[in-house]
Amino acid sequence: MVENKHVLVAGGTSGINLGIAKGFAAAGAKVSVFSRKQDKVDAAVAALGAKAHGGIADVREPEQVKAAIAAAAEAQGPIDVLVSGAAGNFLAPAVAMSPNAFGSVVGIDLNGTFHVLRFAFEHLNKPGASIINISAPQAWVPMIAQAHVCAAKAGVDMLTKTLAMEWGPAGVRVNSLVPGPIEGTEGMDRLLVDKSKKQALAKTVPLQRLGQVEDCADVALFLASDAARYVSGVVLPVDGGWSLGGATIAMGQMFS
Ligand code: HXC
Ligand code: NAP
């Protein structure tokens, strides 16, 4: 269903976002990615195959984002599917965060998402385009040492809902995909400081296992597909039920 469609993944050069990009590439899409680091972009493009395009941009910089998206559209055509997933995170209590520390995460996760969607809009293949924002359980589960991410991702989900309303009449669907604890990723590595607690963490997930990047990729493919043609403004967890309560238990374990 996505064969030869243009899929642009902002922040698509590692972890979950790269896993999503690979899922679309395996389904025959023309995939474009961009992020800050040239070595990561080069490796991702090599992994994504002959139809891949790579660019460099920091999502906090509107002009860089605008240029990277325009270059992707020039190289691969109008954008059918836009995935916005660039993010930053570190563990720090609010009193240990400088304004720049708080602002750097909000700048990447929230402002960055706005920049990506705002400057992609004119390049979307309308009607019919699908936008997927990558959110996090922190958007609605308050977590200690995560004030920046909680605030930023809550904002991302409200952008999803607001723009689903504003852009629905143009035939653009906007949804959030919310990964749970996904194994082997930078995000989990930064939060699970004590690696011996990995099995205990998995037990806080109702489905009793950590997620895999492929779990997220498959749901992204669904959200982008015609099967989801009447789905917009949704915040969809891909977390084995973790956000029902396990996320709160897990955060207690991580800091005890
Ligand atoms: C307090 C910290 C800090 C820490 C950085 N800062 N780490 N403050 N505690 N542990 C402060 C710095 O001192 C600085 O403030 C400000 O944050 C910006 O730091 P820089 O290193 O200059 O910023 P930059 O190079 O732009 O890097 C941004 C970053 C970095 C967010 C700090 O970690 C990054 O690039 N992350 C990208 C990769 C990543 O985080 N992936 C995981 C995503 S997972 P001052 O005042 O000193 O200038 C995720 C959710 C996971 O999002 C959910 C799992 C369930
Ligand atoms: P990751 O591997 O660190 O992925 C982050 C990506 O964003 C990288 O490709 C990175 O590349 C890029 N990026 C970071 N800052 C950027 C910036 N300022 N401008 C442009 N690109 C930038 O992390 P991950 O753990 O897989 O997380 C991916 C997404 O899933 C994030 O949105 C995260 O919030 C969400 N999530 C993750 C988990 C989890 O378990 N890991 C759980 C819930 C939600 P460069 O370094 O080259 O810029």
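Above this text sits the structure in question.
Every value quoted in this text rests on a predicted model; they were computed, and no experiment measured them. (Residues numbered from 1 in each chain as written. Chains lettered and ligands numbered in written order. Predicted model: local features only at pLDDT ≥ 70, side-chain atom pairs only at ≥ 80, totals over all residues. Heavy atoms only, no water.)

1. Quick word on the overall build of the protein chain
Filter applied, for reference: Each helix is a run of DSSP H or I of at least 4 residues and each strand a run of E of at least 2, with the numbering of both proceeding from the N terminus. The globule rule is 2.2 Å times the number of residues to the power 0.38, and the radius of gyration it is compared with is taken over C-alpha atoms. For every residue, the accessible area (1.4 Å probe, protein chains only) is compared with the maximum for its type, and the residue is labelled buried under 20%, exposed over 50%, or partly exposed between those bounds. Contacts are assigned to residue pairs with any non-hydrogen atoms lying within 4.5 Å of each other.
Looking only at helices and strands, the protein chain has 9 helices and 7 strands in total. A compact globule built from 256 residues should have a C-alpha radius of gyration of about 18 Å, and the protein chain, at 17 Å, falls within 12% of that. Projected onto its principal axes, the C-alpha coordinates of the protein chain cover approximately 50 × 40 × 35 Å. When each of the 256 residues of the protein chain is scored for burial, the buried share is 53%. For the protein chain, restricting intrachain contacts to residue pairs at least 6 apart in sequence, the fraction spanning at least 24 positions comes to 71%.

2. Thoughts on the state of the cysteines
Heads up, the rule is: Disulfide: a pair of cysteine sulfur atoms within 2.5 Å of each other.
For the structure shown, the criterion picks out 0 disulfides. With no disulfide of its own, C150 lies closest to C216 among cysteine sulfurs, the gap being 18 Å.

3. Regarding the nonpolar core
What counts is decided by this rule: Take the buried residues of types Ala, Val, Leu, Ile, Met, Phe, Trp, Tyr and Cys, join any two whose side-chain atoms come within 4.5 Å, and each joined set is a nonpolar core.
By size, the foremost hydrophobic cluster in this structure holds 28 residues, and its most contacted members are I20, F24, V31, V83, I132 and L177. Among the secondary structure elements, those contributing two or more residues to this core are β1 (6-10), α1 (15-26), β2 (30-35), α2 (38-48), β4 (81-84), β5 (130-134) and α8 (213-224). Per-element accounting of this core gives the leading share, 7 residues, to α8. When residues no more than four places from it in sequence are discounted, the contact partners of I20 are V83, I134, C216, A217 and A220. With 26 residues, the next largest nonpolar core counts V65, I69, L82 and A129 among its residues.

4. Observations concerning the packing of aromatic side chains
Formally: A pair of aromatic rings is counted whenever rings of Phe, Tyr or Trp (Trp by its six-membered ring) have centres within 6.5 Å, and the orientation is called stacked for planes under 30 degrees apart, edge-to-face for over 60 and tilted otherwise. Charge over a ring is defined by NZ of Lys or CZ of Arg lying within 6 Å of the ring centre and within 35 degrees of the ring normal.
Under the definition given, this model contains 1 aromatic pair. Relative to W167, the ring of F121 has its centre 4.4 Å away and its plane inclined at 40°; by these criteria the two rings are tilted. Remark: W167 occurs in helix α5 (residues 147-167) and F121 occurs in the loop between α4 (99-120) and β5; sequence separation between them is 46 residues. Overall, F121 belongs to the partly exposed group, its relative accessible area being 25%. Seen from the ring of F121, K126 lies directly overhead, with NZ or CZ sitting 4.2 Å from the centre.

5. Section: the site of ligand 1
The cut-off we apply is this: Throughout, near means a residue has at least one heavy atom within 4 Å of the molecule or strand. Polar contact is defined as a pair of N or O atoms within 3.5 Å, subject to the rule that within protein one atom must be able to donate a hydrogen and the other to accept it, and that residues adjacent in sequence are counted only when both atoms are side-chain atoms. Surface accessibility follows the Shrake-Rupley procedure with a 1.4 Å probe radius. Residue values consider only the protein chains on display as shielding. Charged residues are taken to be Asp, Glu, Lys and Arg, nonpolar residues to be Ala, Val, Leu, Ile, Met, Phe, Trp, Tyr, Cys and Pro, and polar residues to be all remaining types, Gly included.
Around ligand 1 there are 19 residues in total, and R60, N89, S98, N100 and R190 lie nearest to it. At 2.8 Å, a backbone N or O of N89 approaches an oxygen atom of ligand 1. Relative to its unbound accessible surface of 1,100 Å², ligand 1 loses 63% to contact with the protein. For the shell around ligand 1, the secondary structure elements donating two or more residues are α4 and α6 (186-191). Residue composition of the shell around ligand 1, by class: 8 nonpolar, 7 polar and 4 charged.

6. Let's talk about α8
Note the cut-off: The length a helix should cover is 1.5 Å for every residue beyond the first.
Helix length check: α8, at 12 residues, gives a terminal C-alpha distance of 17 Å against a target of 16 Å (1.5 Å per residue), a fit within 8%. Along α8, the residues classified as buried are V213, C216, A217, V219, A220, L223 and A224. On its buried face, α8 is in contact with α1, β4, β5, β6 (173-179) and β7 (235-238).

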